[in-house]
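# Observations on the three-dimensional arrangement
One letter stands for each residue in the lines below.
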Amino acid sequence: MSYNNIIPEEVARFILHHIDSVAQMEAILLLRSNPVKEWSVEELAKRLYISEEQTEGVVSSLCARGIFVAILTGPPRYRYEPASKELDEMIERVAEVYSKHLVPVTNLIHSKPATRVQEFADAFKLRKDK
Amino acid sequence: MDLVLLGAIAMASLVAGLFFLRFWKDTGDRFFLYFSISFFVEGLNRFALALTSDPNEGRPLFYFIRFLSFLLILVAIIHKNLGKSARAKPPVETVATRRGGMVK
Amino acid sequence: MALFAYSLCTAAALFCAALLIRGYTRSGYRLLLWGGLCFLGLTANNALVAIDRLLVPDINLFTWRLVVAFLAMVVLLYGIIWDRG
């Protein structure tokens, strides 16, 4: 798996496994630029130029991946808080590659298939190393 | 009641076969093609059974065809485990097939 | 001969169910759960065919066989339509 020498392999792997859309990428970068600020869905949707429905999908999947935390004491707000230092470091690398090579990274994100259905076929592989 | 169920199962099998056909188109993995044909065959088999005068008669032909459809599934599994020949269509173009970051 | 055919279908369906459920426990991809349940149903359907034709020829299990197969297919279609992604 070599991605034309522009995107390092671990970064490419992280993007393929954890980032489903450019909107998600932009959301990560936006919240990361100000890690103390807590964002509401409306604010985020406005900044990202996407619908609130789409924004909710983005933040909930990023929370599930341990990149954002949700503050649920009132109306839900979200903050950048990666679950581990390694995650934070990897995201920093991703952000750097993204800022320098926008087109290859967006192409990589868009090359992901829309469904996981390949995993159905993969389940029939008898050996554990898939 | 039996005929209704038979027809419903037949239809559901055909629809499942259609979905698996779609998965084959989406992923290029021939595994799904085998599954698709298997479900299509079983769907048509059940339709044919429903058209007989006594579906519960137990004519061997229908069970033989079901046997074949399961064989097809086993072939799919064997094929998946035996090698890299699982792709019937070329994979979609990815970043790996582009050079130097330039979009084609 | 008939027993061989019924047994192979039952075993194949069970094999598929096992692989799909195993895949589901490893990845959490829900379509695998529905697929596994479908093939469990097909296993039961094929086992019932054998039982119906060979073990209890005086009792008619035909409708039950159909109900089981029908439910199995409903579960599969539900999974494909709702949990594909």
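These figures come from a predicted structure and were not determined experimentally. (Residues numbered from 1 in each chain as written. Chains lettered and ligands numbered in written order. Predicted model: local features only at pLDDT ≥ 70, side-chain atom pairs only at ≥ 80, totals over all residues.)

### Overview of the interface of chain C and chain A
Facing the 10 residues of chain C at the interface are 8 residues of chain A. Those elements that place two or more of their residues in the side of chain C that touches chain A are helix H1 (2–27) and helix H2 (30–55) of chain C. For the side of chain C that touches chain A, the element with the highest residue contribution is H1 of chain C, accounting for 4 residues. Its residues assigned to classes, the side of chain C that touches chain A comprises 5 nonpolar, 4 polar and 1 charged. (Contact = placed C-beta atoms within 7 Å. Helix = DSSP H or I, 4+ residues; strand = E, 2+ residues; numbered from the N terminus. Nonpolar A, V, L, I, M, F, W, Y, C, P; charged D, E, K, R; others polar.)

### Notes on the confidence of the model for chain B
Within chain B, residue pLDDT values average 84, and 80% of them lie at 70 or more. Here residues 85–104 of chain B is a poorly scored stretch, pLDDT under 50, and it has 36 contacts once near neighbours within four places are set aside; other chains count. (pLDDT = per-residue confidence, 0-100.)

### Here we look at the interface of chain C and chain B
Often the size quoted for an interface is simply the accessible area lost on bringing the parts together. Counting residues at the interface gives 19 residues for chain C and 21 residues for chain B. Per element, the largest residue contribution to the side of chain C that touches chain B is 11 residues, and it comes from helix H3 (residues 62–82) of chain C. Split into classes, the residues belonging to the side of chain C that touches chain B amount to 16 nonpolar, 2 polar and 1 charged.

### Concerning helix H4 (residues 52–64) of chain A
Residue and element names in this part refer to chain A. With 13 residues, H4 should reach 18 Å at 1.5 Å per residue; the first-to-last C-alpha distance of 18 Å fits that figure. Restricting attention to buried positions, one finds in H4 the residues Thr-55, Val-58, Val-59 and Leu-62. Projected down its long axis, H4 shows its buried positions confined to an angular sector of 90°, all on one face. Relative to its buried face, H4 has exposed residues pointing more than 90 degrees away, namely Glu-53 and Ala-64. Just beyond H4, the residue with positive phi is Gly-66, at close to 75°. (Expected span 1.5 Å × (residues − 1). Buried ≥ 20, exposed ≤ 12 C-beta atoms within 10 Å, placed from the backbone. Arc of directions from axis to C-beta.)

### Quick word on the sheet that holds strand S1 (residues 39–40) of chain A
All names here are of chain A. The strand order across the open sheet formed by 3 strands is S1-S3-S2, and the pairing between neighbours is antiparallel. The open sheet has two free edges, formed respectively by S1 and strand S2 (68–71), since each of these has just one partner strand. Strand direction decides the pairing type here: S2 and strand S3 (residues 77–80), joined by 4 bridges, are antiparallel. Its bridge partner being in S3, Val-69 is matched across the sheet by Arg-79. Sitting on the sheet, helix H2 (residues 22–33) is in contact with S1, S2 and S3, with an inclination near 80° to S3. (Pairing = 2+ DSSP bridges. Axes fitted to C-alpha atoms, helices over the stretch in contact; angles between N-to-C directions.)

### Details of the pairing of S3 of chain A
Residue and element names in this part refer to chain A. Every second residue of S3 is oriented toward a common face, the buried set being Tyr-78 and Tyr-80 and the non-buried set Arg-77 and Arg-79. Alignment of S1 against S3, held across 2 bridges, turns out to be antiparallel. Counted as the bridge partner of Ser-40 is Arg-77 from S3.

### Some points on the nonpolar core
Ranked by internal contacts, the top residues of the largest apolar core, which has 54 residues, are Ile-73 of chain B together with Cys-38 of chain C. With 11 residues, the top contributor of residues to this core is H2 of chain C. Once residues within four sequence positions are removed from consideration, Ile-73 of chain B is found in contact with Tyr-34, Phe-35 and Ser-38 of chain B together with Ala-12 and Cys-16 of chain C. Membership of the second largest hydrophobic core comes to 25 residues, among which are Ile-7, Val-11, Ile-28 and Leu-31 of chain A. (Core = buried A, V, L, I, M, F, W, Y, C linked by C-beta atoms within 7 Å.)

### Some details on unusual backbone geometry
Residues and elements named next belong to chain A. The residue Tyr-49 is not glycine, and still its phi comes out positive at about 60°. Position of Tyr-49 among the secondary structure elements: in the loop between helix H3 (41–48) and H4. According to the C-beta neighbour criterion, Tyr-49 is exposed, with 8 such atoms within 10 Å.

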